Amino acid sequence: MPSDLRITVFRGCTFFKIHRLEDGVLSVLLFDRKSRLLDFSFPFQSSVLGFLLGTGLSSFVDTSPRFNAADVLWPVLTLQAAFFLLLLFFPARGVVTTLCYPLLLAFTLAVNTLNLKLCADFEHYESPVNYGIARSMGSAAYMVLSMLLGVWVTRFGVSVIPIAGLAVTALQGVSNTLLSRSVLRRKMLSGHAAPAPQGRSLGVFLRESPRFCLLLAGMALLFFSHNTTSTFLINFVEHAGGGIKTLGYLTAFLTALEVPTMLFFSRIFRRRSCAAVLRFSFIFFALKTAAIAAAPNIPLLFAAESLQVLSYALYAPAIVAYVTLIVPYDDAAKGQSLAFSMTTIGGVLASLISGRLLDVLSAPATAWIAAAVCAVGAAIACRGLEKPKNISAVWRP
């Protein structure tokens, strides 16, 4: 790998890693001073707001002749820092907290859209980022920060959480500066000094991309299933005979499984099209949910969850590569945002539907329903897949 590409990959890893670090901060921010979970509607509200904000910003970036993803990131990061400062000075539960949490989470979700657009910029200007490496570093960073925050909160109290959030946001700002400069330099060297073509509006893009819309619909159903077993994982752990401690071990186990798969993703699958890899992962989303439904004890639950290696751990880097190849560059932000947002839509559906199902049905019965929905989603998503014209641009060691 050339040295300049190594630098690009490193910066990409840093950028995505910092985003995942902030995810870790926010996961702890959902608890107040007495470590009691805040209103469950917070993540629901933030998911909807994040979807709307991310989709709106992506459409703006694609159609704007003046602003790019790096430009838009700055006001978003500034607002995140402002929300963290408010939480630092108003730590008690109240009006400020109620307003800040959903907005902070929403802006964090929206940042991912702009991150992925920067990734597309590197691809377009012939200096691609190995997203598998970048994403694996994100999972590793998430795991490390989760452990550090647990120690810091125990030792210093929850007031350390907004401080950690501010530090992570500052690191994002530094990384954004490095990446935007690198993109500009690549743009000049590649001879693309002229303004990039303006993309289609969101409505026109969706109307002219029926196969992509079919893929999105199938993915929303897949992530309804995925979020049913991840959001309510404690229910399945308790059914299998475990508790909170087992949940912690299982969460760490799943995160650790993702890292090597994503790290060596391009080496393992460079002779396979990303459409084929996605099709394979869709099938294992359904098999994983069915295996969780059938798991009667903790060892078998761990075995069922290990299928995440062949489902989500393959899906995460493959979908970014697929969208990069299928969607024209001038619509890249919208394409990546919509693909990423299906995770959010699935989470919203799981929160609304699966939570109620668990109130009236057992955990296995709920998981079997989710597995059936997932099978339908996998069939729809496979029907929406197209064969990319160029594989070598993404599958590289």
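Residues numbered from 1 in each chain as written. Predicted model: local features only at pLDDT ≥ 70, side-chain atom pairs only at ≥ 80, totals over all residues. Heavy atoms only, no water.

So, on to the overall build of the protein. Looking only at helices and strands, the protein features 16 helices and zero strands. Looking at the 397 residues of the protein, the share that counts as buried comes to 51%. For the protein, the accessible area works out to roughly 17200 Å², and carbon and sulfur atoms hold 67% of it. (Helix = DSSP H or I, 4+ residues; strand = E, 2+ residues; numbered from the N terminus. Buried < 20%, exposed > 50% of the residue type's maximum accessible area, 1.4 Å probe, protein only. Areas by Shrake-Rupley, 256 points an atom, 1.4 Å probe, with all protein chains shown as cover.)

Of all hydrophobic cores here, the largest spans 38 residues; its most connected members are Met219, Phe282, Tyr315, Ile319 and Tyr322. Of all the secondary-structure elements, those providing two or more residues to this core are helix 8 (210-231), helix 12 (274-294), helix 14 (312-326), helix 15 (332-360) and helix 16 (363-384). Ranked by the residues each element gives to this core, the list is headed by helix 14, at 10 residues. Apart from the residues lying within four places of it in its own chain, the contact partners of Ile319 are Met219, Leu278 and Ala339. (Core = buried A, V, L, I, M, F, W, Y, C linked by side-chain atoms within 4.5 Å. Contact = heavy atoms within 4.5 Å.)

With respect to the secondary-structure elements, Thr108 resides in helix 4 (residues 95-124). Taking relative accessible area as the criterion, Thr108 reaches 1% and is therefore assigned buried.

This part is about helix 4. Compared with an ideal rise of 1.5 Å per residue, which puts 30 residues at 44 Å, helix 4 spans 45 Å between its outermost C-alpha atoms and is within 8% of the ideal. Burial within helix 4 is extensive, with 23 of its 30 residues counted as buried. (Expected span 1.5 Å × (residues − 1).)

Before going further, it helps to examine the environment of Phe265. With respect to the element layout, Phe265 can be found in helix 11 (residues 265-268). Each C-alpha atom, one on Phe265 and one on Pro317, is 7.7 Å from the other, the two residues being 52 residues apart in sequence.

Averaged over all residues, the pLDDT of the protein equals 78, while 80% of them reach at least 70. The secondary structure element of the protein with the lowest average pLDDT is helix 1 (residues 3-29), at 47, and the one with the highest is helix 16, at 95. Scored below 50 in pLDDT, residues 27-40 shows 27 contacts in the model against residues more than four places distant or in partner chains. (pLDDT = per-residue confidence, 0-100.)

For the structure on display, the rule yields 10 aromatic pairs. Among the aromatic side chains, those forming a connected cluster through ring pairs are Phe223, Phe282, Phe285, Tyr312 and Tyr315. In this arrangement the basic side chain of Lys334 is found over the ring face of Phe205, its NZ or CZ atom lying 5.8 Å from the centre. (Phe/Tyr/Trp six-rings, centres within 6.5 Å; stacked < 30°, edge-to-face > 60°. Lys NZ or Arg CZ within 6 Å of the ring centre and 35° of its normal.)

We now examine the packing of helix 10 (residues 244-263) against helix 14. As a packed pair, helix 10 and helix 14 sit with axes 9 Å apart at the nearest point and diverge in direction by 45°. Classified by the angle between their axes, helix 10 and helix 14 sit oblique to one another. Handedness of the helix 10/helix 14 crossing: right-handed. Within the contact between the two elements, helix 10 uses Glu258, Thr261 and Met262 and helix 14 uses Tyr312, Ala313, Leu314, Ala316 and Pro317. Its residues placed into classes, the contact of helix 10 with helix 14 shows six nonpolar, one polar and one charged. (Axes fitted to C-alpha atoms, helices over the stretch in contact; angles between N-to-C directions. Parallel < 35°, antiparallel > 145°, perpendicular 65-115°, else oblique. Left-handed = near helix turned anticlockwise from the far one by under 90°. Nonpolar A, V, L, I, M, F, W, Y, C, P; charged D, E, K, R; others polar.)

Relative to the helices and strands, Gln336 resides in helix 15. Overall, the relative accessible area of 3% leaves Gln336 in the buried class.

Its 26 residues place the ends of helix 5 (residues 131-156) 36 Å apart at the C-alpha level, agreeing with the 38 Å of an ideal helix rising 1.5 Å per residue. Among all positions of helix 5, only Tyr131, Gly132, Ile133, Ala134, Arg135, Ser136, Gly138, Ser139, Ala141, Leu145 and Leu149 are buried. Two residues or fewer past helix 5, Gly157 is found with a positive phi of approximately 90°.

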